[in-house]
Amino acid sequence: MQCPSKPEASVGSQGVGVTAKAVSYQRISCSVQTSTNCDNSLETPSSAHQATGAVQMRIKNATSHHDRLSQTKSMILTDAGKVTEPISRHRRNHSQHVLKDVIPPIEHPMVEKEGYLQKAKIADGGKKLRKNWSTSWIVLSGQKIEFYKDSKQQALPNLKARHKAEIVDLCGAQIEWAKEKSSRKSVFQITTVTGNEFLLQSDIDFIILDWFHAIKNAIDRLPKNPSGPSSLEFFTFQRSSSTELLSHCHSDSKEQKPEHRKSFMFRLHHSASDTSDKNRVKSRLKKFISRRPSLKTLQEKGIIKDQTFGSHLHTVCEREHSTVPWFVKQCIEAVEKRGLDVDGIYRVSGNLATIQKLRFIVNQEEKLNLDDSQWEDIHVVTGALKMFFRELSEPLFPYSFFERFVEAIKIQDSNARIKTIRSLVKNLPPPNHDTMKILFGHLTKIVAKASKNLMSTQSLGIVFGPTLLRAKNESGNMAIHMVYQNQIAEFMLNEYDKIFSSEED
C-alpha cells in the first residue's frame with residue numbers, strides 16, 4: 001500500500017510547525033495501517049478507529065524516549081475472541097496460581113463406614129505404649145482409617161481442626177482378633193507397616209463383626225507392597241510452599257533414575273551383608289547355648305536357688321529339714337497372735353503389692369520378721385499364706401488323692417465318712433499330713449472366735465476348699481468339683497478332733 005505524497009513545506013515558522021506535525025502523522029498512520037493489514041486483512045473499521053486513537057494519545061503524551069518504548073506495547077492487537085484474566089502481582093496469589101497448575105484438587109474418597117468404637121493404641125513405630133481405652137469416632141474411607149474424638153470434629157470445615165485427627169494408612173496392614181491382648185471381649189488388632197498397633201473393641205457383637213469384615217475387605221483390596229506415594233504423603237505435599245513444590249518436581253525429574261539404580265544396588269549389598277550377619281548371629285547363639293551350664297550345676301553353685309513359692313511341698317520341707325514349711329509356721333503364729341478377732345480374717349484380701357514384696361523376701365531367703373511395721377496389716381500375712389498354698393506345684397491334697405476324697409464325702413453315713421477320710425489323711429505323705437494338721441488346727445481357732453471375726457466353718461470352707469485341693473485336669477466338672485472342695489474343707493474343720501486324733505475308734 002502506497003502512502004500519500006509529502007505536502008510541500010510552507011513559508012513561515014507557524015506553517016513549518018504545522019507541516020512537520022502533518023508529516024509525522026502521515027508516517028505513523030502509514031505504519032499502523034501496514035501492520036494492521038499484515039496481521040489481519042479482515043480488520044473492521046472500529047478496530048482501525050481504536051488504533052488511530054491510541055496513536056494520537058501516544059503523540060500527545062510522548063515526553064521521553066522511555067515512555068515511547070513502554071507505550072508501543074499498546075499497538076499489539078489481541079485476538080478478538082480471547083478474554084485474558086487479570087493476573088495479580090501479589091506474591092501469595094502467584095503461588096496459588098502455580099499450585100493450581102501443578103497439583104490437582106484434593107479428591108475426598110467415599111466414606112465406606114463410620115461409627116463409634118473403643119480404641120487403644122498399644123504401639124507407635126514399633127515402640128510399645130501403655131494401653132489406654134477411649135471412645136473414638138472412626139471413619140473408614142478408601143485406603144485409610146481416621147480417628148476423631150467425636151462425630152462433630154469430622155464435620156468441621158476447618159482443615160486445621162480436621163488435621164488433628166489420627167490417620168492410619170491401611171496399605172500393607174494386618175488385621176486379626178486379639179483375645180490375649182485385652183480382658184475385654186470382641187477385640188481385634190490392626191498393625192500397620194510403620195509399626196503402629198491399634199486395638200478396636202465393642203460390646204455389641206454384630207457391630208464389631210461388621211467393622212472387622214469392612215476393614216479386612218479394605219485391606220485385601222489394597223496392594224501388599226505399595227510402591228507409589230501414599231495419600232498421606234500427597235496431602236503433606238499439597239500443604240508445602242510453591243518454592244518447595246517446584247524444587248521437588250525439578251529434582252525428581254533429574255534424579256529419578258540415578259536414585260533408583262543407587263537404591264537397587266544398596267538393596268543388593270544390604271541383603272548379602274544381612275544374610276551373613278544372620279548366619280554369624282546364629283552360630284554364636286548355638287555356641288552360647290551349647291556352653292550354657294545345666295540347671296543342676298547352677299543350683300549347686302548357688303546361682304539359682306530353689307524358691308519357697310511355687311515349689312513342691314516335699315522339696316521345701318526337705319530343704320528345711322522339717323515336715324512343715326517354716327513360712328507356714330510363721331504366718332500361723334502371727335495370725336494367732338494378732339488376728340483371731342479381726343473381722344473377715346482370711347476372707348478380706350490384703351494389698352497385693354505388699355504381698356508380692358513379702359513373697360520376694362521369702363524367696364530370697366532373707367530374714368523375715370512378721371512383727372515388723374511393714375507387715376502391720378494382718379490381711380497381708382493371710383494373703384501371703386493363701387498364695388503359698390495356691391502356688392504349690394501340687395496342692396496340699398495330692399492329685400492322686402483328689403478323687404478318693406470326693407468319693408469319701410459322698411458317703412451318707414457320718415461315721416463311715418469320718419472313718420474313710422481319717423484313713424485317707426493318715427496315708428498322706430508326712431509333709432502333707434503334718435502341714436494339713438497344723439493348718440486345720442489353726443483354722444479351728446478362727447472358728448472358735450466366729451462371733452467376733454464372723455468367719456464360720458462354711459466361710460472358711462469356701463476360702464480354702466479350692467486352694468487346698470483340686471483335680472489335675474480340670475474339665476467341664478469344675479462347678480461340681482468346687483462344691484465337693486468346699487464340703488471336704490468344711491467337714492474336716494467340723495470333725496477335726498476325730499480325723500486327726502491319734503487314737504483308733
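For the structure, see preceding data.
Remember, it's a predicted structure, so these values are computed and weren't measured experimentally.

(A) Spatial organisation of the packing of helix H15 (residues 399–409) against helix H16 (residues 414–426). Closest axis-to-axis distance for the H15/H16 pair is 9 Å, and the angle between their directions is 165°. As far as their axial angle goes, H16 and H15 are roughly antiparallel. As H15 runs across H16, the sense of the crossing is left-handed. The segment H15 lies against H16, with Phe401, Arg404, Phe405, Ala408 and Ile409 engaging Arg417, Thr420, Ile421, Leu424 and Val425. Of the residues belonging to the contact of H15 with H16, the class tally is seven nonpolar, one polar and two charged.

(B) Structural view of a nonpolar patch on the surface. A contiguous nonpolar surface patch, about 420 Å² in accessible area, is contributed by Val281, Leu285, Phe288 and Ile289. Structurally, the position occupied by Leu285 is in helix H9 (residues 242–291).

(C) Highlighting unusual backbone geometry. Even without being a glycine, His321 presents a positive backbone phi close to 55°. Here His321 shows up in the loop between helix H11 (313–320) and helix H12 (326–338). Positive phi, normally seen in glycine, also occurs at Tyr346, with a value near 75°. As for its placement among the helices and strands, Tyr346 is situated in the loop between H12 and helix H13 (352–363).

(D) Molecular detail of the pairing of strand S4 (residues 144–148). Burial within S4 is extensive, with five of its five residues counted as buried. Judged from the five bridges that link them, strand S3 (residues 134–141) and S4 form a sheet pairing that is antiparallel. Its bridge partner lying in S4, Ile138 is registered against Phe147. Remark: two residues form the turn of the hairpin made by S3 and S4, two consecutive strands paired antiparallel; Gly142 in that turn has positive phi of roughly 65°.

(E) A look at the side chain of Asn453. Its location among the elements puts Asn453 in helix H18 (residues 450–453). Note on Asn453: relative accessible area 0%, which makes it buried. Here Ile446 takes part through its backbone oxygen, which lies 3.0 Å from a polar atom of the side chain of Asn453. Looking at Asn453, its side chain comes within polar contact range of the main-chain nitrogen of Met455, at 2.9 Å. When neighbours within four sequence positions are excluded, Asn453 is seen to be in contact with Leu340, Asp341, Val342, Asp343, Gly344, Ile345 and Ile446.

(F) Looking closely at H11. Leu313, Val316 and Cys317 are the residues of H11 that are buried. Down the axis of H11, the buried set is contained in an arc of 95°. They therefore lie on one face. Buried positions along H11 lie against helix H17 (430–448). Downstream of H11 by one or two residues, His321 has phi in the positive range, about 55°.

(G) Quick peek at the nonpolar core. If you look at the biggest cluster of nonpolar residues, it comprises 61 residues, and the most contacted ones within it are Phe440 and Met492. Top contributing element to this core by residue count: helix H14 (residues 378–390), with eight residues. Contacts of Met492, omitting those with residues within four sequence positions, involve Phe397, Ile421, Val425, Met436, Phe440, Ile499 and Phe500. Counting residues in each nonpolar core, the second largest holds 22 residues, with Leu117, Phe147, Trp211 and Ala214 among its members.

Thresholds applied
- Residues numbered from 1 in each chain as written.
- Predicted model: local features only at pLDDT ≥ 70, side-chain atom pairs only at ≥ 80, totals over all residues.
- Heavy atoms only, no water.
- Axes fitted to C-alpha atoms, helices over the stretch in contact; angles between N-to-C directions.
- Helix = DSSP H or I, 4+ residues; strand = E, 2+ residues; numbered from the N terminus.
- Parallel < 35°, antiparallel > 145°, perpendicular 65-115°, else oblique.
- Left-handed = near helix turned anticlockwise from the far one by under 90°.
- Contact = heavy atoms within 4.5 Å.
- Nonpolar A, V, L, I, M, F, W, Y, C, P; charged D, E, K, R; others polar.
- Patch = residues over 30% accessible without salt bridge, like charges linked within 9 Å, V, L, I, M, F, W, Y side chains within 5 Å.
- Areas by Shrake-Rupley, 256 points an atom, 1.4 Å probe, with all protein chains shown as cover.
- Salt bridge = Lys/Arg side-chain N within 4 Å of Asp/Glu carboxyl O.
- Buried < 20%, exposed > 50% of the residue type's maximum accessible area, 1.4 Å probe, protein only.
- Pairing = 2+ DSSP bridges.
- Polar contact = N/O pair within 3.5 Å; in protein donor to acceptor, adjacent residues only side chain to side chain.
- Arc of directions from axis to C-beta.
- Core = buried A, V, L, I, M, F, W, Y, C linked by side-chain atoms within 4.5 Å.

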